[in-house]
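Examination of the molecular architecture
Each chain, letter by letter, is given below.
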Amino acid sequence: MKLAILIVCSVLLSLHALAWHYHSFTAARLNTIELEWHRRGLAGDLQMPWRYRVFSKLINEGLLRAMPDRPPKMAFLISRFAVGVLLFVLAGLYYRRLGLDDGQILISLAVLGWCAGYGFIGSAFSFDTWWDVCFYLMGALACLGGRFWLCIPLAMLGALNRESSGFIALMPLAFGWRWKVSLAGFAAWGLTMAGLVAWFGPCERMENPQQIWLAIMRQSVSSKITYMGLFAALSVIPLASALRWRQWPRFLRFWGVMILPVWGFVFLCLNNAFEVRYWILPMALIFIPGLFARPIPDEGRAA
């Protein structure tokens, strides 16, 4: 697929997801709630884990300062549109690198766009979630291109964005058990997280955390909105993809076993699972390519 076609499709899909989210969140909330959350985040005035998610806030702050005479919503809309375009372009490049033909790439992007379009459910603009997917896709492309060392800075940047980026450091293990680069990447991720805690300070101890998590788990598992939202966004794609497990490339099976159990437990049991944006990552990285991808010869060696 030509890059120009991929970019045009990515622009349209990003606009689609942004339109749904903007319609649900409204301009007034962008200029007030989102701006207040942004300011509190930069000041370190949020609870764990949001206190340490600074990457997207720094980008948004740059946009806000670049257009001081415009309403804050303009900076947030531009930022969200841009990261959306980047996400779909990276996904398209990833699917092309897996050997999908043009039709399969377009179908994959359409399915991903459908899932991302439901990302507004129970969510603010959540820039860090979208950047998290981008960093994982960059890590996948780096590994498939044989540039495993790139997972080290990607893990570090990912840590500045969101703590869930730690798996990026482990992605090279799917290609011949490359422990040195994975240990270096995990150390970079850990040191970055420690630096964030040192800079912003530790969070106050949560009162009755067990009761809070149990309440969240009960709400997440028992709410009909959870299942309605998940099926609306994911449909039968995970099942259809899982049925092709034996045809998945070896590295894709490794990433699936490494990421999906933890991801499923955290976002089904310890979070509000109906917040569909959390499932964009497993869809983009594992389930959607699993629909079409086939084993790659000599995939255990650097490409």
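Treat the numbers as computed from the prediction; the structure is a model and nothing was measured.

It is worth spelling out the overall build of the protein at this point. If you tally the helices and strands in the protein, you get 13 helices and 0 strands. Going from the N terminus to the C terminus, the protein shows its helices and strands as α-α-α-α-α-α-α-α-α-α-α-α-α. In terms of C-alpha radius of gyration, the protein reaches 19 Å, essentially the compact-globule figure of 19 Å for 303 residues. Considered along the principal axes of its C-alpha atoms, the protein spans approximately 50 × 45 × 40 Å. Here the protein holds 303 residues, and the buried ones make up 49% of them. Expressed as a percentage of contacts within the protein between residues at least 6 apart in sequence, the contacts between residues at least 24 apart total 79%. Element-wise, carbon and sulfur atoms account for 69% of the exposed surface of the protein, whose accessible area totals about 14,400 Å². Charged side chains of the protein number 27 positive and 15 negative; the gap between the two group centres comes to 7 Å.

Now for the nonpolar core. Ranked by size, the top nonpolar core spans 67 residues in total, and within it Tyr94, Tyr95, Trp255 and Leu285 carry the most contacts. No other element matches helix H6 (residues 127–144), which puts 10 residues into this core. Those residues in contact with Trp255 that lie beyond four places of it in its chain are Tyr94, Ala140, Cys143, Met171, Ala174, Phe175, Leu260, Leu285 and Ile286.

Taken N-terminus to C-terminus, the directions of helix H4 (residues 72–97) and H6 make an angle of 25°; their axes are 9 Å apart at the nearest point. As the angle between them shows, H4 and H6 are arranged roughly parallel. You can see that H4 and H6 cross each other, and the crossing is left-handed. Note on element contacts: H6 touches H4 through Phe127, Trp130, Trp131, Val133, Cys134, Leu137, Met138, Ala140, Leu141 and Leu144, opposite Phe76, Ser79, Arg80, Val83, Gly84, Leu86, Leu87, Leu90, Ala91, Leu93, Tyr94 and Arg97.

Counted by the stated rule, this structure contains 15 aromatic pairs. When the centroid spacing of 6.2 Å and the interplanar angle of 75° are considered together, the rings of Trp37 and Trp50 count as edge-to-face. You can see Trp37 sitting in helix H2 (residues 27–42) and its partner Trp50 sitting in the loop between H2 and helix H3 (55–66), a full 13 residues away along the chain. For Trp37, a relative accessible area of 34% translates into the label partly exposed. Classification of Trp50 as partly exposed rests on a relative accessible area of 37%.

On to the side chain of Ser10, then. With respect to the helices, strands and loops of the structure, Ser10 is situated in helix H1 (residues 3–25). Setting aside its immediate chain neighbours within four residues, Ser10 contacts Val85, Phe88 and Val89.

On to a nonpolar patch on the surface, then. On the surface, a cluster of nonpolar side chains totalling about 450 Å² of accessible area is made up of Phe231, Val236, Leu239 and Leu243. Accessibility expressed as a relative area gives 52% for Phe231, which makes it exposed.

With that settled, consider H4. Along its 26 residues, H4 runs 38 Å from first to last C-alpha, staying within 8% of the 38 Å computed at 1.5 Å per residue. Downstream of H4 by a residue or two, Gly99 has a phi angle that is positive, lying close to 95°.

All right, on to empty space enclosed by the protein then. Counted according to the given criterion, the structure contains 1 cavity of 30 Å³ or more. Roughly 40 Å³ of volume is contained in the largest cavity. Lining the largest cavity are Thr129, Asp132, Val133, Arg162, Ser164, Trp263, Phe267, Arg277, Tyr278 and Leu281. When residues of the lining of the largest cavity are traced back to their parent elements, those giving at least two are H6 and helix H12 (250–269). A per-element tally of the lining of the largest cavity places H6 first, with 3 residues. Residues of the lining of the largest cavity, tallied by class, amount to 5 nonpolar, 2 polar and 3 charged.

The subject of this paragraph is the pattern of salt bridges. Counted by the stated rule, this structure contains 6 salt bridges. For Glu61, the salt bridge identified is with Arg39, shortest N-O distance 2.7 Å. Note that Glu61 is positioned in helix H3 and Arg39 in helix H2, a separation of 22 residues in sequence. Judged by its relative accessible area of 11%, Glu61 falls in the buried class. Asp128 is the partner of Arg162 in a salt bridge, and the nearest nitrogen-oxygen pair spans 2.6 Å. A residue pair is termed long-range when its members are at least 10 positions apart, and Arg162 in the loop between helix H7 (151–161) and helix H8 (179–200) and Asp128 in helix H6 qualify at 34 residues.

This next bit is on unusual backbone geometry. Positive phi, normally seen in glycine, also occurs at Ser126, with a value near 45°. By the element assignment, Ser126 lies in the loop between helix H5 (102–117) and H6. The backbone of Ser235 sits at a positive phi, close to 55°, despite the residue not being glycine. Relative to the helices and strands, Ser235 resides in the loop between helix H10 (224–234) and helix H11 (237–242). The exposure class assigned to Ser235 is partly exposed, which follows from its relative accessible area of 38%.

Cut-off values and rules
Residues numbered from 1 in each chain as written. Predicted model: local features only at pLDDT ≥ 70, side-chain atom pairs only at ≥ 80, totals over all residues. Heavy atoms only, no water. Helix = DSSP H or I, 4+ residues; strand = E, 2+ residues; numbered from the N terminus. Rg over C-alpha atoms; globule rule 2.2 N^0.38 Å. Buried < 20%, exposed > 50% of the residue type's maximum accessible area, 1.4 Å probe, protein only. Contact = heavy atoms within 4.5 Å. Areas by Shrake-Rupley, 256 points an atom, 1.4 Å probe, with all protein chains shown as cover. Lys, Arg positive; Asp, Glu negative; His and termini not counted. Charge placed at Lys NZ, Arg CZ, Asp CG, Glu CD. Core = buried A, V, L, I, M, F, W, Y, C linked by side-chain atoms within 4.5 Å. Axes fitted to C-alpha atoms, helices over the stretch in contact; angles between N-to-C directions. Parallel < 35°, antiparallel > 145°, perpendicular 65-115°, else oblique. Left-handed = near helix turned anticlockwise from the far one by under 90°. Phe/Tyr/Trp six-rings, centres within 6.5 Å; stacked < 30°, edge-to-face > 60°. Patch = residues over 30% accessible without salt bridge, like charges linked within 9 Å, V, L, I, M, F, W, Y side chains within 5 Å. Salt bridge = Lys/Arg side-chain N within 4 Å of Asp/Glu carboxyl O. Expected span 1.5 Å × (residues − 1). 1 Å grid on protein atoms, 1.4 Å probe; cavity = no way out; pocket = protein on both sides within 12 Å on 5 of 7 lines; lining within 4 Å. Points joined across faces, edges and corners; volume = space filled by probe spheres on them. Nonpolar A, V, L, I, M, F, W, Y, C, P; charged D, E, K, R; others polar.

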